[in-house]
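# Descriptive analysis of the structure
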Amino acid sequence: MRIVIAGAHGKIARSLTRELTLDGHTVIGLIRNAEQKEDLLLDGAQPVVLDLENSSVDAVAEVMADADAAVFAAGAGAVSGDARKNSVDLGASVLLADAAESAGVRRFVQISSTGADLVRDGATPDSVPADFVAYLQAKLGAEEDLAGRDLDWTIVRPGTLTDHDPIGSVRLERTGPDESGTVQPETQGSVPRADVAAVLAELLRTGAGSHTVLHLISGPTPVAKAVAVFA
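Residues numbered from 1 in each chain as written. Predicted model: local features only at pLDDT ≥ 70, side-chain atom pairs only at ≥ 80, totals over all residues. Heavy atoms only, no water.

## Topic: the overall build of the protein
Counting its regular elements, the protein contains seven helices and 13 strands. Against the 2.2 N^0.38 benchmark of 17 Å for 231 residues, the protein shows a C-alpha radius of gyration of 16 Å, consistent with a compact globule. Each principal axis of the C-alpha atoms in the protein carries an extent, and together these give about 40 × 40 × 35 Å. Residues classed as buried in the protein amount to 48% of the 231 residues present. (Helix = DSSP H or I, 4+ residues; strand = E, 2+ residues; numbered from the N terminus. Rg over C-alpha atoms; globule rule 2.2 N^0.38 Å. Buried < 20%, exposed > 50% of the residue type's maximum accessible area, 1.4 Å probe, protein only.)

Below, the structure written as structure tokens:
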């Protein structure tokens, strides 16, 4: 496959790139900073410098021509202000989805966040720090935009991310509102970034999880078996 990854210098994205390229897939890595090109080349990706905060749909669609899938792994970062969370975590996701539609790329996998449902319907719970509320609002907005599109999308909400060595086994469950509109609770937990990448790679390989929001933490089930449930 030919796969475009936005935010390709992030830790999850780099791990995903290495896994995909080892399997023989071609990865086009979108980055904002040209100084990151060497890292992506070492991972096996083809780096493309493209600022998703200041690019047109046509420019992004041109890069996505002939791609089989897109992955949104970009993020403004914890130290960014509310405006950048909105322009990257929401705005850049919308732009990439617009470009995917324009380029005819149907498969779209998005990294979101545990807890996005806490801010549904404009809620601002006291248990969530103010700066994190803006982040969750941006992530939920990106989810809602993607879910309304005619794309073969899958949204993955990882738990607390760690840099521990991969375990190779996870707990992967449907999350978000069910058919009645009732929000399903998410089990608290953490997950190594490398295991998140392994799940994303398996979703891309198999096409599993179409039109599904998935919550991901470490657990007892091997990655391939956990993903196969959603085939």
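Right, picking up where we left off after that structure.
## Some thoughts on the nonpolar core
Grouped together as the largest cluster of nonpolar side chains are 34 residues, with contacts concentrated most on Ile-5, Leu-16, Leu-172 and Leu-200. When residues of this core are assigned to their parent elements, the largest contribution, eight residues, is made by helix H6 (residues 193-206). When neighbours within four sequence positions are excluded, Leu-16 is seen to be in contact with Ile-5, Val-71, Ala-197, Leu-200, Ala-201 and Leu-204. The next biggest cluster of nonpolar side chains, apart from the first, holds 29 residues, and it includes Val-63, Ala-74, Val-105 and Phe-108. (Core = buried A, V, L, I, M, F, W, Y, C linked by side-chain atoms within 4.5 Å. Contact = heavy atoms within 4.5 Å.)

## With respect to the pattern of salt bridges
Opposite charge on two side chains permits pairing when their charged atoms draw close. Per the stated rule, a full pass over the model turns up 21 salt bridges. In this structure, the salt-bridge partner of Arg-18 is Asp-43, at a minimum N-O distance of 3.0 Å. Separated by 25 residues along the polypeptide, Arg-18 in helix H1 (residues 11-22) and Asp-43 in helix H2 (residues 37-43) bring together distant segments of the chain. The shortest N-O distance in the salt bridge between Arg-149 and Asp-145 comes to 2.9 Å. What makes Arg-149 buried here is its relative accessible area of 12%. Sharing partners across several salt bridges, the network here consists of Asp-117, Arg-120, Glu-143, Glu-144, Arg-157 and Glu-186. (Salt bridge = Lys/Arg side-chain N within 4 Å of Asp/Glu carboxyl O.)

## Some thoughts on H1
Given 3.6 residues per helical turn, the α-helix brings residues three or four places apart onto the same face. Counted at 1.5 Å a residue, the expected span for H1 with its 12 residues is 16 Å, and the 17 Å between its end C-alpha atoms agrees. Ile-12, Ala-13, Arg-14, Ser-15, Leu-16, Thr-17, Leu-20 and Thr-21 are the residues of H1 that are buried. Looking one or two residues past H1, Gly-24 carries a phi angle of roughly 95°, positive in sign. (Expected span 1.5 Å × (residues − 1).)

## Details of helix H5 (residues 130-147)
Taking 1.5 Å per residue as the helical rise, H5 with its 18 residues ought to reach 26 Å, and the 26 Å between its terminal C-alpha atoms agrees with that figure. Elements in contact with the buried residues of H5: strand S4 (69-72), helix H4 (82-103), strand S5 (107-111), strand S6 (152-158) and strand S12 (212-218).

## Focus on the packing of H4 against H5
At a minimum axis separation of 9 Å, H4 and H5 run at an interaxial angle of 15°. The angle between H4 and H5 falls in the class roughly parallel. Relative to H5, H4 is oriented so that their crossing is right-handed. Here H4 contributes Asp-82, Lys-85, Asn-86, Asp-89, Leu-90, Ser-93, Val-94 and Ala-97 to the contact with H5, which in turn contributes Asp-131, Ala-134, Tyr-135, Ala-138, Lys-139, Gly-141, Ala-142, Asp-145 and Leu-146. Looking at the contact of H4 with H5, its residues break down into eight nonpolar, three polar and six charged. (Axes fitted to C-alpha atoms, helices over the stretch in contact; angles between N-to-C directions. Parallel < 35°, antiparallel > 145°, perpendicular 65-115°, else oblique. Left-handed = near helix turned anticlockwise from the far one by under 90°. Nonpolar A, V, L, I, M, F, W, Y, C, P; charged D, E, K, R; others polar.)

## What to know about the environment of Ala-45
With respect to the element layout, Ala-45 can be found in the loop between H2 and strand S3 (46-49). Counting along the chain gives 114 residues from Ala-45 to Gly-159, while the straight-line C-alpha distance between them is 27 Å.

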